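Summary of the model geometry
Listed below, chain by chain, are the residues.
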Amino acid sequence: MTWTTLAITIAILILGFLGAPLIIWTAAFTGMLYFLGAPTWLIVLLVLPFLLFCIPPLRSRLFGGKIAGFLKKAGLLPVISETERVALEAGTVWMDGELFSGNPDTKKLLEPKDTVLRPDEQAFLDGPVEEVCRLVDDLQCWKDKDLPPEVWTFLKKNGFFGLIVSKEHGGLELSSSGLSAVVHKLASRSFALSVTVMIPNSLGPAELLHLYGTDEQKTEYLPKLASGEHMPCFALTEPNAGSDAGSIEADGKVFKNEAGELMLELNWNKRYTSLATVSTIIGLAFKLHDPENLLGQGVSPGITCALIPTETPGVSANERHDPLGVPFHNCAIYGENVVVSVDTIIGGPTFAGQGWRMLMECLAAGRGIALPAAMVANAKLVSRASGAYSMLRYQFGMPIGKFEGIEEPLSRIGAMTYLMEAARRYTCSALDSGHKPSVISAIVKCHFTEMSRRVTNDGMDIVAGAGISQGPRNILANSHIASPIAITVEGANILTRSMIIFGQGAMRCHPWARAQVDALAKDDIVAFDRAFFSHVRHFTRNLFRSVLLSVSRGWLASSPVTGPTAHYWRKLKWASASFALLSDCAMISLGGKLKRHERLSARLGDVLSWMYFLTAVLKRYESDGRREEDLPLVKLAAEECLAEIQKGFDAAYPNFPVPYLGKIMGGPVALWSRLNPIGRSHHDRLGSQVAAILRHPGPQRERLFDLMYVPESKDEALGRLEQALVIATEGLRIASKIKQSMKEGRLERGRPEARLYEAIEAGVITKQEAETLKQAVAARNDAIQVDSFPVEVFDKATPTPGFA
């Protein structure tokens, strides 16, 4: 290779990597021809076509219409329905846009500041939230199938059902971080308690009224919702309309009564409606029909939301489902020929047909707060309990937590817990800043619920028999039983993963895809030309970046920080470039058919999701002050993210559903990806370090488990474990001294607690240490006991309703 060829190659790579505009490429091409001694006429002949493309008005006139016509005819750009358009326009684009770009501004990713709770929010958390946690006995709630009456009274009296209602209307008006913290702490005590509180404070009447209600509706309902005088529910799901909420069959018809007033006649069959049996007001989603166009919105305005008093004639709300025995009110609710005024429409009659938009806009933010917070709380509960138990349960003369077989799941638990808390804070900081990142909200809901299930399963494996023996000593069984509920609600995870995260993200977050689709829909050739050729430049840049960052393993990318996490930021840029390139390949080759290739969409969505989690982990490390002791957690969580990103790529490349491109993706590209992965699983040394953090009491462990309710009494299971862990840790130190003396031959071999007298006589330990070791052994033995009951209890047991 000559120096000239090398220089030209380097110049091409630099221009491609930097995403140089076409005019710079043209100038470089001209200079190259001149440098190589090409005659002037040849230079002009070769450069002129490039110049035509460099002049937008001329380019759009000559080529824009032809390109647009070809793409329309070939179906390479999707046609967006009105329903899809409303969903796409709900919420905002946040950091997901940066990840889709292929070259994320990592300094921008670090900008958001973690929200500090307001003094009144912290006081509520330390006061009423702490108190209601003390009042609740989760096991008794499961037996009674409900919260006790005194807890319902306490919740109403202290404003728990008006957490998002404005202070003007008597509510607490918590920030997103404040609401997340409250639900988190409640969930660390009882999932049923947290669900009961989160339902009225998420998608439902209060939020819909706050955003869209008339002044009269707000004045009438919000103060009563805040005080608990009104108990709301929201009826959306039907037998034939689940995740596809747009297909609801609930029907409302506009008519005039004898007095000439405009009324609605409603019929519905709803299920999975939480709190319906204790509700006084129903938020109802239905399809509105106006045969005489009395509202002036057409004969079929579409999905509409209204507030229906539960006591209205024709309403039936007296049936509960049995959601795996979890004691919260989840109900079937019916309406037959229910007649109400059109003024019950949320926002008034002018908002007829706006229900789908209202629901999508509320979900854009709402599903990123309450349910994810509950999942983080569960992960912390599992981490705390399984870490403590692993130090209290002995086998073969040592704590099981020190066996590598236990360290492996324990380290996964620790890494996932750190990651989930990082993403919870990061997401809430965006919401508190005014963003409504619909794609990010879908990501955290979908993946947090899955992570929580995985963490719970790992915890159950660690505590083993103590996890399957029901009773007041069992900490994890209720979480294990309830985990499928979170997977199912607010958009089933299978649909969210396979259709929404990437499917919506590709249109919402891609810098140019939506612009092209909108321009084509409006026949705006100038706008289409600008978006199309910007997309070409975007694709070209990411092609070069993906290749060069892969070859250099990310080292050509910049990092916003120095130190031990810098290479993770570089790998994030590498992942983003490869993801953006693969996304474009999918969208360009499949066009409108992409939405039907759900496996590919799911795998690309996985890559996007784990890039977001990697960002959150790295951001948390910076926000927490770059604590050196946290590095094992940070590194293991980051490595898990990179391994999941690689898994997404590995699944996408060989299964690319395009004949010729698929062979390239499944052949050389997939082979190179496997030989040069962005991440791998199994980091045993880090895993041992993370497991040790979960096993040992101290400030770091407490920081990892902040916002949890931990009973002070050792009569409660978690309190017993925590107190036993503290004294058992000290006992282990003392026992180690005795064991060392046994190895040295100073003491006869045996169990350390059986050699206390000899150890004192030999000066190995003091009398006080001997007493501490006795207490440690007793506490340990007490903590690992499981519940058992007289056989008569089982003979007289009341069967679960679903199995009666």
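Keep in mind the model is a prediction, meaning the values are calculated, not measured.

What to know about the overall build of the protein
Scanning the protein from N- to C-terminus turns up 33 helices and nine strands. For the protein, the C-alpha radius of gyration of 31 Å lies close to 28 Å, the compact-globule estimate for 804 residues. Dimensions of the protein, computed from C-alpha atoms along their principal axes, come out at roughly 105 × 90 × 45 Å. Taking the contacts inside the protein whose residues are at least 6 apart along the sequence as the reference set, 76% of them involve residues at least 24 apart. Taken as a whole, the protein presents about 34,800 Å² of accessible surface, with 57% of it coming from carbon and sulfur.

Observations concerning the environment of Lys 436
With respect to the helices, strands and loops of the structure, Lys 436 is situated in the loop between helix H17 (404–432) and helix H18 (438–463). Placed 346 residues apart in sequence, Lys 436 and Ala 90 show a C-alpha to C-alpha distance of 8.2 Å. With sequence-adjacent residues up to four places away left out, Lys 436 is seen in contact with Gly 91, Thr 92, Leu 211, Glu 361, Ala 364, Ala 365 and Leu 431.

Focus: the nonpolar core
In terms of nonpolar packing, the biggest core is built from 218 residues, with Phe 160, Ile 308, Leu 419, Tyr 612 and Phe 613 touching the most fellow members. For this core, the element with the highest residue contribution is helix H16 (residues 370–392), accounting for 15 residues. In this structure, Ile 738, Val 764, Ile 765 and Val 777 belong to the second largest nonpolar core, which totals twelve residues.

Overview of empty space enclosed by the protein
Under the criterion given, the structure shown has five cavities of 30 Å³ or more. When its volume is computed, the largest cavity comes out at roughly 170 Å³. The wall of the largest cavity is formed by 18 residues, among which Tyr 389, Ala 466, Arg 473, Ile 475 and Leu 721 lie closest to the centre. The set of elements that each furnish at least two residues to the lining of the largest cavity consists of H16, helix H19 (465–468) and helix H30 (717–743).

Quick look at the pairing of strand S2 (residues 251–256)
Bridge count for S2 against strand S3 (residues 262–274) is six bridges, and the pairing is antiparallel. Counterpart to Lys 256 in the pairing with S3 is Leu 262. In this antiparallel pair of consecutive strands, S2 and S3, the connection spans five residues, and Gly 260 shows a positive phi of 80°.

Some words on the pairing of S3
Where S3 and strand S7 (residues 330–341) come together, nine bridges link them in antiparallel fashion. Its bridge partner being in S7, Asn 269 is matched across the sheet by Tyr 334.

Structural notes on the side chain of Arg 701
Inspection of the secondary structure assignment puts Arg 701 in helix H29 (residues 699–704). Taking the relative accessible area as the measure of exposure, Arg 701 reaches 1% and is therefore buried. A distance of 2.8 Å separates the side chain of Arg 701 from the backbone oxygen of Leu 694, its partner in a polar contact. Not counting the four nearest positions on each side in its chain, Arg 701 is found in contact with Arg 384, Ala 388, Ile 693, Leu 694, His 696, Glu 722 and Leu 725.

Some details on the pattern of salt bridges
For the structure on display, the rule yields 42 salt bridges. In this structure, the salt-bridge partner of Lys 224 is Glu 220, at a minimum N-O distance of 3.2 Å. Placement of the pair is Lys 224 and Glu 220 together in helix H14 (residues 215–227), with a separation of four residues, close to one helical turn. By relative accessible area, which is 26% here, Lys 224 ends up partly exposed. When the shortest N-O distance is used, the salt bridge between Arg 627 and Glu 629 registers 3.5 Å. One salt-bridge network, held together by shared partners, links Asp 114, Lys 380, Glu 421, Arg 424, Arg 425, Lys 619, Arg 620, Asp 624 and Asp 706.

Quick notes on the rules
- Residues numbered from 1 in each chain as written.
- Predicted model: local features only at pLDDT ≥ 70, side-chain atom pairs only at ≥ 80, totals over all residues.
- Heavy atoms only, no water.
- Helix = DSSP H or I, 4+ residues; strand = E, 2+ residues; numbered from the N terminus.
- Rg over C-alpha atoms; globule rule 2.2 N^0.38 Å.
- Contact = heavy atoms within 4.5 Å.
- Areas by Shrake-Rupley, 256 points an atom, 1.4 Å probe, with all protein chains shown as cover.
- Core = buried A, V, L, I, M, F, W, Y, C linked by side-chain atoms within 4.5 Å.
- Buried < 20%, exposed > 50% of the residue type's maximum accessible area, 1.4 Å probe, protein only.
- 1 Å grid on protein atoms, 1.4 Å probe; cavity = no way out; pocket = protein on both sides within 12 Å on 5 of 7 lines; lining within 4 Å.
- Points joined across faces, edges and corners; volume = space filled by probe spheres on them.
- Pairing = 2+ DSSP bridges.
- Polar contact = N/O pair within 3.5 Å; in protein donor to acceptor, adjacent residues only side chain to side chain.
- Salt bridge = Lys/Arg side-chain N within 4 Å of Asp/Glu carboxyl O.

Geometry only, nothing functional implied.
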